[in-house]
Amino acid sequence: MFETLKIERHGPVGWLINNRPERLNAMNNAMRDEFAEAWRELDADPAVRVIVHTGEGKAFQTGADMVEISSDGVGMQRYRESVENFDLRFTSWHNGVWKPVITAVNGICAGGGFHWVADADIVMAASDAQFFDPHVSVGQVAAFELIVLARRMPFEAVLRMALVGRHERMSADRALALGMISQVVDPPERLREEAQALAEKIARNSPAAMAATKRALWGALERGLTDACKAGAAELVSMWGHPDQTEGPLAFAEKREPEW
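Remember, predicted model here, so these are calculated numbers, not experimental data.

Asker: Tell me about the overall build of the protein chain, and please be specific about residues and values.
Answerer: In terms of regular secondary structure, the protein chain is built from 11 helices and 10 strands. Against the globule reference of 18 Å for 260 residues, the protein chain gives a C-alpha radius of gyration of 19 Å, in line with a compact fold. Residues counted as buried form 46% of the 260 residues belonging to the protein chain. When the accessible surface of the protein chain is totalled, it reaches about 13,100 Å², and 55% of it is carbon and sulfur. The positive charge centre, built from 28 side chains, and the negative charge centre, built from 37, are 3 Å apart in the protein chain.

Shown next as structure tokens:
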């Protein structure tokens, strides 16, 4: 059992739910440690083919718990070694999860909450979602989350969000227009239903092929064009001879769902 997170399983879909609604799902030290365990649990479960990450209550995630940081006598120093060594364990990307991951943003996403927007494969948001990054407004640096986002959306939009801090909020519709997210769900109460439906569509595909595809595409963000294509070729060839490569065409020819 987790103190700050919940794990649920609905068919082939595993749900990771931030569960500190009374603190707008701000990440305290306990949640920080539990993320690593939760991602590993869902990644290791063969029945889980797709993971959806969302929040309980009025917010998806609002970053580090400023109350804990300002009052416990330790502050940000507890994170120094993991940050200096880039040994973070917050997100699926940090934990090397190659299953498809959907982030479903409910309500407020602020500050460190962008870790899970930047590092997800697909992001959807409720129509009443709001996005803002208050790092500079509380004397912190906006770095990891927005560096990754700058690979996925216009650079100026990312820099504006970083520099304006808590003094401006982005709507779900604006996030969609900028490519931060790919779907706005209205009414907001249907967010989990829509996320489950999308996850079930994805779960119908070959798990091995999706993992190789995800490695190829995320790996491309690290490389130049030619090296990315060469690495992608290696992932492509790695599936040749895999049982899924036999089952896929056979199921298509026999007009049935494949059995992965």
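Now that the structure has been shown, the text picks up again.
Asker: Give a detailed account of the sheet that holds strand β4 (residues 59–61), specifying residues and quantitative values.
Answerer: With respect to topology, four strands assemble into an open sheet ordered β4-β6-β8-β9, the strand pairing being mixed. In this open sheet, the two strands that pair with only one neighbour each are β4 and β9 (170–171). Examined bridge by bridge, β4 and strand β6 (residues 108–110) share two bridges and lie parallel to one another. Directly across from A59, in β6, lies its bridge partner I108.

Asker: Could you give an account of a nonpolar patch on the surface, with specific residues and numbers?
Answerer: A contiguous nonpolar patch, built from F155, L159 and L163 and spanning about 330 Å² of accessible area, is present on the exposed surface. Taking the relative accessible area as the measure of exposure, L159 reaches 39% and is therefore partly exposed.

Asker: Mind laying out the pairing of strand β1 (residues 5–10), listing which residues take part and the relevant values?
Answerer: For β1 and strand β2 (residues 13–18), the ladder comprises six bridges, and the chain directions are antiparallel. Its bridge partner lying in β2, K6 is registered against I17.

Asker: Please give an account of the side chain of T62 that cites residues and values.
Answerer: Along the chain, T62 falls in the loop between β4 and α2 (66–71). One polar contact links the side chain of T62 to the main-chain carbonyl oxygen of L24, over a distance of 2.9 Å. Looking at T62, its side chain comes within polar contact range of the main-chain nitrogen of A26, at 3.5 Å. In contact with T62, not counting residues within four places along its chain, are R23, L24, N25, A26, I108 and A110.

So, how was this worked out
Residues numbered from 1 in each chain as written. Predicted model: local features only at pLDDT ≥ 70, side-chain atom pairs only at ≥ 80, totals over all residues. Heavy atoms only, no water. Helix = DSSP H or I, 4+ residues; strand = E, 2+ residues; numbered from the N terminus. Rg over C-alpha atoms; globule rule 2.2 N^0.38 Å. Buried < 20%, exposed > 50% of the residue type's maximum accessible area, 1.4 Å probe, protein only. Areas by Shrake-Rupley, 256 points an atom, 1.4 Å probe, with all protein chains shown as cover. Lys, Arg positive; Asp, Glu negative; His and termini not counted. Charge placed at Lys NZ, Arg CZ, Asp CG, Glu CD. Pairing = 2+ DSSP bridges. Patch = residues over 30% accessible without salt bridge, like charges linked within 9 Å, V, L, I, M, F, W, Y side chains within 5 Å. Salt bridge = Lys/Arg side-chain N within 4 Å of Asp/Glu carboxyl O. Polar contact = N/O pair within 3.5 Å; in protein donor to acceptor, adjacent residues only side chain to side chain. Contact = heavy atoms within 4.5 Å.

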